[in-house]
Amino acid sequence: MPDRRHASNRGVSQMSRTSKLLVGAVALATVAAGCGSSKSTSSGGGGGGSGETITVGLLGDFTGLAASGNKTSPLGVQAGISLAAQQGYHIKFVQADTESSPSGALSAAQTLVEQDHVSAVLAVSSLTLLAAPYLKKQGIPVIGVAEDGSEWIGDTNMFSVYGFLDSTKVSTTGGAFFKMEGVTSVGAVGYGISPQSANSAKATGVSAQAAGLQVGYIDSNFAFGSTNVQPVAIAMKDHGVNGVVSETDPNTSFSLITAMRQAGDNPKVALFPDGYGGDISQAGPGALQTGQGVFFSLSFEPVEMQTTATKQFQTALSAAGVNGDPTYGEYAGYASVALLVAGLKTAGANPSHAALISALNGVTNFDAWGLLGSHTLSMADRNSTAIGVDGCLYVVRLSGSTFQLVSGADPICGTEIPGKSV
């Protein structure tokens, strides 16, 4: 099962929008220092209950290949800032674009630290790992989504809003979901260039086997961003696959389900980590039609649950000018501000980098302003997991123009399978 955003073992993976992808990992050794550009985008009024204003930087993929999943994160940050201001925490943020490139990720981080002098970095990027060594050396607190790599586990200046994930581990969650939905043979596809994506595809097979299901066809070495999916679709049909996970970006995922249907193999379950809510409109022309009957997973409560937390989230988004279902980026940005506020509660007004890191490490009951439901995270517990908070995922299904809650998957939770890895 997928990851994004959730950080799911997006087998279900470590959450592309919990799979984002490590597209630039292979270029790590060649990243050069440079100057990026940042843009002040919003602010609240005075800080941490003291009249002070704290400035944070948003590191994001606002243009380039990874933008489809992450470019809306500033709206989520703005929504979070509006709610934080009501609680007496006044925050200003500036944003810096990675341009979805290795050199751009480092350059953007340098700009936020050296030019904007931010107190913390909010990271909603597939390329955070390329800026992480620099941010760690500078002692900068980093709050965001562990959608890119394993640096979130070991770097104690980094704090993920849906947990510290290890995509080589396997959870029972994915297999349990497919079994619940009547799937008998599971297939998965992941990008070979991305450890997160590739491992999540492999983990789908292991989880399915643990649930007593057949593994039909796994392609964990698919070309990044490619839509040449016909060979995969044919192979899945030949192997009797009737449940598929695409641990890829939306362009690949939606092309795959189209090709499978055209090949006469309309799977009982197609599960994507990307495309929920407002993201369906960013998945390309015809995505709404193609997405009919497709399942989408996320780490936070979908707004269709109409809980106190989701209503508060939508109200805050409305104040930021957002109407309709939220995107992955908006969830990620909003939850990141929630964790920042949790740290500020004990760090005091205008804290030093070290004081804020210490305070964040002391957060033991983070619930993303209720969006994690009854589940909470402890930032002091860096034991990595396969799929996110308590092994849980929320799953919805697209029907018409609305997303429907899936009974038994609101959320569906599992456990790590001992001794299993990919």
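Cut-offs and rules
For every chain, the first residue of the written sequence is number 1, and numbering continues from 1 along that sequence. In keeping with the predicted nature of the model, local features appear solely for residues at pLDDT of at least 70, side-chain atom pairs appear and are counted solely at 80 or more, and the whole-chain, interface and lining totals rest on all residues. Side-chain calculation: all heavy atoms of the structure are included, whereas hydrogens and water are not. Each residue gets one of three labels from its accessible area relative to the maximum for its type: buried under 20%, exposed over 50%, partly exposed in between, using a 1.4 Å probe on protein chains only. Here a strand is any run of E in DSSP of at least two residues, a helix any run of H or I of at least four, and the numbering for each starts at the N terminus. Of all possible arcs, the one meant is that of the directions from the helix axis to the C-beta atoms. Contact definition: two residues touch when any of their heavy atoms are within 4.5 Å. Multiplying 1.5 Å by the helix residue count minus one yields the expected span of that helix. Centres within 6.5 Å are what make two rings of Phe, Tyr or Trp a pair, Trp counting through its six-membered ring; a difference in plane orientation under 30 degrees is then read as stacked, over 60 as edge-to-face, and the rest as tilted. The term nonpolar core refers to a set of buried residues drawn from Ala, Val, Leu, Ile, Met, Phe, Trp, Tyr and Cys, joined through side-chain atoms within 4.5 Å. Think of a salt bridge as a Lys or Arg side-chain nitrogen and an Asp or Glu carboxyl oxygen that are within 4 Å of each other.

1. Regarding helix α8 (residues 230–238)
Next up, step 1: Among all positions of α8, only V232, A233, A235 and M236 are buried. Down the axis of α8, the sector holding all buried residues measures 165 degrees, keeping them to one side.
Next up, step 2: Its buried side turned inward, α8 meets β8 (185–191), β9 (214–222), β10 (243–247) and α9 (250–262).
Next up, step 3: Following α8 by one or two positions, G240 has its phi on the positive side, about 70 degrees.

2. Here's the deal with helix α7 (residues 195–210)
Next up, step 1: Here α7 is 16 residues long and its end C-alpha atoms lie 22 Å apart, about the 22 Å a rise of 1.5 Å per residue gives.
Next up, step 2: Of all 16 residues that make up α7, 12 are buried, and the element is covered over most of its length.
Next up, step 3: Three or more residues of α7 are buried, namely Q196, S197, A198, N199, S200, A201, A203, T204, G205, V206, S207 and A208.
Next up, step 4: Backbone geometry just downstream of α7 places G212 in the positive-phi region, at approximately 85 degrees.

3. A closer look at the packing of aromatic side chains
Next up, step 1: Tallied over the full model, the rule gives 12 aromatic pairs.
Next up, step 2: Between F177 and F178 the ring centres are 6.1 Å apart and the planes differ by 65 degrees, which places this aromatic pair in the edge-to-face class. One exposure class covers both F177 and F178, and it is buried.
Next up, step 3: Relative to F296, the ring of F272 has its centre 6.0 Å away and its plane inclined at 80 degrees; by these criteria the two rings are edge-to-face. A residue pair is termed long-range when its members are at least 10 positions apart, and F272 in strand β11 (residues 269–272) and F296 in strand β12 (residues 295–298) qualify at 24 residues.

4. Description of the nonpolar core
Next up, step 1: If you look at the biggest cluster of nonpolar residues, it comprises 101 residues, and the most contacted ones within it are I91, L135, V161, F296, F300, L339 and F366.
Next up, step 2: Element by element, the count of residues in this core is highest for helix α12 (residues 328–347), at 12 residues.
Next up, step 3: Residues F177, V186, A201 and A211 belong to the second largest nonpolar core, which totals 17 residues.

5. Section: the pattern of salt bridges
Note that side chains of opposite charge can pair when their charged atoms are close.
Next up, step 1: What the rule picks out here adds up to one salt bridge.
Next up, step 2: Residues D155 and K136 are paired through a salt bridge, measuring 3.3 Å at the closest nitrogen-oxygen approach. Taken as a pair, D155 in the loop between α5 (151–154) and β6 (158–160) and K136 in helix α4 (residues 128–137) lie far apart in primary sequence, 19 residues in all.
Next up, step 3: Judged by relative accessible area, which is 46%, K136 ranks as partly exposed.

6. Re the environment of F295
Next up, step 1: Among the secondary structure elements, F295 is positioned in strand β12.
Next up, step 2: C-alpha separation for the pair F295 and G275, spaced 20 residues apart in sequence, amounts to 9.3 Å.
Next up, step 3: Filtering out sequence-adjacent residues up to four positions away, F295 remains in contact with F177, E181, K268, V269, A270, L271, F272, V395, V396, R397 and V406.

7. Points about unusual backbone geometry
Next up, step 1: Going from D410 to P411, the amide bond is cis rather than trans, its omega being 10 degrees.
Next up, step 2: Among the secondary structure elements, P411 is positioned in the loop between β14 (402–405) and β15 (412–413).
Next up, step 3: The backbone of E99 shows a phi angle near 55 degrees, a positive value even though the residue is not glycine.
Next up, step 4: Along the chain, E99 turns up in the loop between β3 (91–97) and α3 (102–115).
Next up, step 5: Phi at H117 is positive, roughly 50 degrees, even though this residue is not glycine.
Next up, step 6: Residue H117 is classed as exposed on the basis of its relative accessible area, which comes to 58%.

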